[in-house]
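Residue strings, one per chain:
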Amino acid sequence: MKKFLFLCAAAILPALPASADVKLSERLTRIAGHLGEGGVHFSVTDSQDDLKDLAGLLDKFLSLVPKDELPARPQFETLLDDLGLYALRGRGSSAHQVGDLWHNRSFMLTNGKHEGVLSLLGDEAEETVARGFAPAGADLVLETSLNLREVERMARKISRSFGDEAEEEFGATFSEELTNLGLSLAEIFADFTVHGTLVFWLDEEKTFEMGPESEFPVPHFAARLDNAGMVWNLLKAELGADSLVVEKGDETILTPKDAREESPFGVLEPRFVWNASRKQLFFSLNEEDLATCRGKGARITDDAGYTVATTGFPQKTSGLAYASKDFLSLAIDLAKQFSSEVPPEGQEAVHEIMPYLEKLAKRGGYAGAFAVEDDGFLFIANLPVPVKGDSPMMGLGGVTAVATLAGIAAPLILKAKKAGDDTRTLANLKTYALAQLSFHAEFGKYAASTNQLVEKGYLPREVVSILAESGFESFVDSDFEPNPKAIMGVADCLRDPDSVLVVRSDGSASRITLEELEAQLEKQGE
């Protein structure tokens, strides 16, 4: 490294006399200006040309590998340049105590040019949408800018590093038309820059059962995409033919047909709302949740927990993550309850993050953000611990942190949906059985297929569609002579891989194990 300056225990800094001979280079001064001074930690590092030196070392190491073992030999210096990482000039971090939390900042200085992978973070910081979109009481907020305009050019340059064959494969992939719009991936990415906000909240007054001793608040969510013209066009192309489309002023409401279903959370009916004049796309699973976010009620900025968690944050950000105390507490409960279902590779991550979740839950919530500045990227987080240097915990300063927390809470949604699928499929299996019994009563035989039941008006087509999605298989033919316990059909829902849903001749439907199914079918065959 050409220059290196590390100032720790910087609580001393504010006490330094004005004449103290502490001089920073212009680069380090610019970094320090984004960090503030004081606190328990303050460090700045000039990393000019560090990546280039590292890439040169890796190139030399790669030259030692025999060509027959590694025919494609990318040049690391060229690769890092194509990724736009040579724009990085330095970094710094600081930690200041604010009430019960530590305000941690990290800043990466660039040369002002945001190319390659750095451009994916967006062009500039914007007014935080969540302040006006998230309702009071929102428990999880994720917001970020996505700029894919650079992807095609960057990927094309990288592919050249791996030889002519890789470049040709890349060109074919990006040139192929992917949608009903007749657009290639390259054309879609060329105009794809969008700002997205997702809001999730828990209804403490309404609960649903996840088991005999497990009861959880009903979740709600809504999402908003700004500058989403391309996304809307893709949606219309893929869903328009099978959706109900309603025009209201400058807004278009798209509701997929046959998507309405019962769930432990109530009736779910996905809908998309496109505002043409503002180029905004909204999405939710029901009209009420969308109205809550788009209405004139209290906003998240009225919540004391959100205000405390975002203390010191700029009004304009390129990404924001917030988790309330209630959400963190729920995530902790779910992590403990479903820890055995977490893949082995994720067990360590859960154990590492758990102590921080518990501390945050006691202090009222978590917030992290990043902002694209003219000269670099600022990352901010309010945590129960001070973050020093390049600690892995600084990762909690970005939007991905709460995405991890949301992942811990995911079993809540997944398990509830599977339970809802079971309930819906059992009801449809009974409908199928009654349709067969009615058909037999009129024609003296059973229908050979579900389509025959539909054609004769005994079974709604949407029931057949749902059964098909559940892996339904019929055991009935026209010569079927059932007793009341004979199995007429089987559906394979996902909640338990070792069991299935069955419907019997008496119209009853239930879940049985695979062993029981095999035994009953064998007896039935006799």
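Residues numbered from 1 in each chain as written. Predicted model: local features only at pLDDT ≥ 70, side-chain atom pairs only at ≥ 80, totals over all residues. Heavy atoms only, no water.

## Some words on the overall build of the chain
Across its full length, the chain holds 16 helices and 21 strands. Out of the 526 residues in the chain, the part that is buried amounts to 47%. For the chain, the share of sequence-separated contacts (at least 6 apart) that also reach a separation of at least 24 residues comes to 62%. As displayed, the chain offers around 26,900 Å² of accessible surface, 53% of which is attributable to carbon and sulfur atoms. (Helix = DSSP H or I, 4+ residues; strand = E, 2+ residues; numbered from the N terminus. Buried < 20%, exposed > 50% of the residue type's maximum accessible area, 1.4 Å probe, protein only. Contact = heavy atoms within 4.5 Å. Areas by Shrake-Rupley, 256 points an atom, 1.4 Å probe, with all protein chains shown as cover.)

## Structural notes on the pattern of salt bridges
As enumerated under the stated definition, the model contains six salt bridges in all. Across the salt bridge formed by arginine 30 and aspartate 375, the nearest N and O atoms sit 3.8 Å from each other. Remark: aspartate 375 occurs in the loop between β16 (365-373) and β17 (376-383) and arginine 30 occurs in helix α1 (residues 26-33); sequence separation between them is 345 residues. Note on arginine 30: relative accessible area 33%, which makes it partly exposed. Residue classification places aspartate 375 among the buried positions, given a relative accessible area of 16%. Between arginine 224 and aspartate 226 there is a salt bridge, with the nearest N and O atoms lying 2.9 Å from each other. Judged by relative accessible area, which is 16%, arginine 224 ranks as buried. A relative accessible area of 14% places aspartate 226 in the buried class. Through salt bridges with shared partners, a single ionic network connects Glu269, Arg271 and Glu287. (Salt bridge = Lys/Arg side-chain N within 4 Å of Asp/Glu carboxyl O.)

## Quick look at helix α9 (residues 287-294)
Along α9, the positions that sit buried rather than exposed are Asp289, Leu290 and Cys293. Buried residues along α9 cover an arc of 100 degrees about the axis, so they all sit on one side. One side-chain oxygen of the residue at the start of α9 lies 3.2 Å from the amide nitrogen of glutamate 288, identifying that residue as asparagine 286. (Arc of directions from axis to C-beta. Polar contact = N/O pair within 3.5 Å; in protein donor to acceptor, adjacent residues only side chain to side chain.)

## Considerations on the side chain of threonine 450
Looking at where threonine 450 falls in the secondary structure, it is placed in helix α14 (residues 450-455). According to the relative accessible area criterion, threonine 450 is buried, its value standing at 18%.

Distances and angles like these do not, on their own, reveal function.
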